[in-house]
Amino acid sequence: MASTTVVIPFALPPAPMAPDLIRAMQAPALAALLSRHGSHGFHAFEADSRVLPHEAWLAHALGLTAAPLDAPVAAAVMAGTGVAPGTGHWFLVHPISIQVGNHLQMGDPAQLRLEEDESRTLFDAVLPLFDGDGHQLVYGDARTWFLRADAWQGLDTASPDAASGGNLHPWMPTGDAARAFRRLQNEVQMLWFAHPLNATREARGLAPVNSFWLWGGAGAAMQAKVQPATADVPHWLAALADPARRAATPAQLRNGDIAVAGHALAAGLAEDWSTWLGRMQQLEDEWFAPLLAAVKSGAVNQLTLVLSNRHGWLETRTTKLAQYQFWRTNTLKNLLTELTP
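Residues numbered from 1 in each chain as written. Predicted model: local features only at pLDDT ≥ 70, side-chain atom pairs only at ≥ 80, totals over all residues. Heavy atoms only, no water.

**Some thoughts on the pattern of salt bridges**
Going by this rule: Every case where a carboxyl oxygen of Asp or Glu lies within 4 Å of a side-chain nitrogen of Lys or Arg is listed as a salt bridge. Numbered from the N terminus, helices here are DSSP runs of H or I no shorter than four residues, and strands are runs of E no shorter than two. Burial classification: accessible surface area is computed with a 1.4 Å probe over protein chains only, and a residue below 20% of its type maximum counts as buried, one above 50% as exposed, and the rest as partly exposed.
Scanning the entire structure with this criterion turns up eleven salt bridges. Notably, a salt bridge pairs Glu-118 with Arg-201, separated by 3.0 Å at the nearest N-O pair. One end of the pair, Glu-118, is in helix 5 (residues 116-132); the other, Arg-201, is in helix 8 (residues 196-203), and 83 residues separate them in sequence. The residues Glu-118 and Arg-201 share a single accessibility class, namely buried. Note that Arg-245 and Asp-257 form a salt bridge whose closest N and O atoms lie 2.6 Å from each other. Taken as a pair, Arg-245 in the loop between helix 9 (235-238) and strand 10 (258-261) and Asp-257 in the loop between helix 9 and strand 10 lie far apart in primary sequence, twelve residues in all. Summarising the burial analysis for this pair, Arg-245 and Asp-257 share the class buried. Within this structure, Glu-118, Arg-201 and Arg-204 form a network of salt bridges that share partners.

Structure follows, in C-alpha cells:
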C-alpha cells in the first residue's frame, strides 16, 4: 500500500513543557491521527548530534546517505538552485551574523534580511580569499553559496539549525582540515568587519554580516533520489523540493510523496512556546484536518506522520481502517510518548 509521509519538524513539545503545552492545544484532527493508528513509536536521537533529527531522517529518506547522523545535502541543494555541481566535494555556505557576548552565538540566518545586491557585494569581496586557497566559491542566491573544497572532505560540520540557540564554539567544524577552515574564516571575518556595507546595515538597524557557516558537505554525485513537497521550510530544504511544490498544501500530495511542513520549526528552536502554539494551530487547520479527511475518504491510502524535536522523532502510521478504531479515545497524550531524553 502506498504511503504519504508528512514530516513536521519540532511538532513534538519538549518533555518539561509537554503536559502544559498539550493542555493548551486544540487539535482534534492531530489527536485522531495519533490515536487511531497501525503503528506508533518514538525513535531516540542524540541531542548533541551535528544535525537535527528531521534533517538526518530526510537525508536518509531522500537517498542521500545511509549514515544515521549525517545530512550531506550540499550537491543536491546546489542542483536544486539550478547550479550544476560538476565534480568535486561541495559545501553549503551561508552568510551569517555572529553575536559576541559571554560566548559566540549565531543569529537566525532567516532573520538576517540580506538583500541580493548586498550578498553579491560580500561575495565579490571575499572571492579572492577563497580562490587564493585553491577553492571554488559559487554564488547561489542571497542566503546560500556553494564551496568546492576537495581537501576538506573529512570536515565534520553542523547544520545551522542544530547550532542555533547556544554557544557556537562546540558546533564549529572539526577534523584534519579544521585549522585551514578557521584561518580562512578569520580572514573573511576581518574583511567583512571593515566593509562599509556593514556600517550601512547597522545604520539601518540591521545585524552586520560578519561570518559564514559551512556545512552539508557532499560529493557532486550525491543527488536526491526523491523530491519532497515543502511548505514554510528553511531555504536550503526548499531547494531540494519539486519546484512546483515548494509552497505545497495537503491537496497537492499524492500517494508515495514525502512532504515537509516547517511551520513549527523556528518557534521550537527559539523555545518561543506562545508562537509555537499558534503555529501548531495553523498546522491543525491547514494540514492535520485536511490530512485526516483525506485518510477517511481513502484519497490517501496510508499516512505516516513524522513529528520531531531535538531528542528524536515520533512516527505514526494510520489508514482509513485504523480511523474506525472507535474504542481508542482521541487524545494528544500520544505526544508524550518517550519524550524524556
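**Topic: the layout of surface pockets**
In plain terms, the rule: The way it works is a 1 Å grid over only the protein atoms, where trapped points that fit a 1.4 Å probe form a cavity and open points with protein on both sides within 12 Å along at least five of seven lines form a pocket, and then any residue with an atom within 4 Å of a point lines it. Grid points are joined across faces, edges and corners, and a volume is the space filled by probe spheres set on the points. Under the grouping applied here, Gly and all other residues not named as nonpolar or charged are polar, the nonpolar ones being Ala, Val, Leu, Ile, Met, Phe, Trp, Tyr, Cys and Pro and the charged ones Asp, Glu, Lys and Arg. Domain limits in this description derive from either an automatic procedure or a database domain assignment.
The space that makes up the largest pocket amounts to roughly 730 Å³. Lining the largest pocket are 30 residues; nearest its centre among them are Asp-108, Pro-109, Ala-110, Asp-161 and Ala-266. For the lining of the largest pocket, the secondary structure elements donating two or more residues are strand 3 (89-96), strand 5 (104-106), helix 6 (160-163), helix 9, helix 10 (265-270) and helix 11 (273-297). A per-element tally of the lining of the largest pocket places helix 10 first, with five residues. Grouping the amino acids of the lining of the largest pocket by side-chain chemistry returns 13 nonpolar, twelve polar and five charged. Built from parts of two domains, the lining of the largest pocket gets at least three residues from each of domain 1 (4-54 + 223-335) and domain 2 (73-219).

**Topic: a nonpolar patch on the surface**
Cut-off, in case you're wondering: Each patch is built from salt-bridge-free residues with over 30% relative accessible area, joining like charges within 9 Å and nonpolar side chains (Val, Leu, Ile, Met, Phe, Trp, Tyr) within 5 Å. Working definition of accessibility: Shrake-Rupley area with a 1.4 Å probe, residue cover restricted to the visible protein chains.
Judged by side-chain polarity, Leu-321, Tyr-324 and Phe-326 come together as a nonpolar surface patch covering roughly 390 Å² of accessible area. Looking at the secondary structure, you find Phe-326 in the segment after strand 12 (312-319). Taking the relative accessible area as the measure of exposure, Phe-326 reaches 57% and is therefore exposed.

**Quick notes on the domain arrangement of the protein chain**
Applied cut-off: Working rule for contacts: check all heavy atoms of both residues, and any pair within 4.5 Å makes them a contact. By buried area we mean how much accessible surface two parts lose on assembly, using a 1.4 Å probe and totalling the loss over both.
Each assigned domain of the protein chain is listed here: domain 1 (4-54 + 223-335) and domain 2 (73-219). For domain 1 versus domain 2, the separation of C-alpha centres amounts to 30 Å. Taken together, the contact between domain 1 and domain 2 spans 17 residues of the former and 25 residues of the latter. With both sides pooled, the region where domain 1 packs onto domain 2 buries about 1600 Å², and carbon together with sulfur makes up 55% of that total. Sorting the residues of domain 1 by area buried against domain 2 places Arg-50, His-235 and Trp-236 first, and these three jointly supply 48% of that buried surface. The interface formed by domain 1 and domain 2 includes one salt bridge. Between Arg-50 and Asp-156 there is a salt bridge, with its nearest N and O atoms 3.6 Å apart. Of all the secondary-structure elements, those providing two or more residues to the side of domain 1 that touches domain 2 are helix 9 and helix 10. Taken together, the residues that form the side of domain 1 that touches domain 2 break down as ten nonpolar, three polar and four charged.

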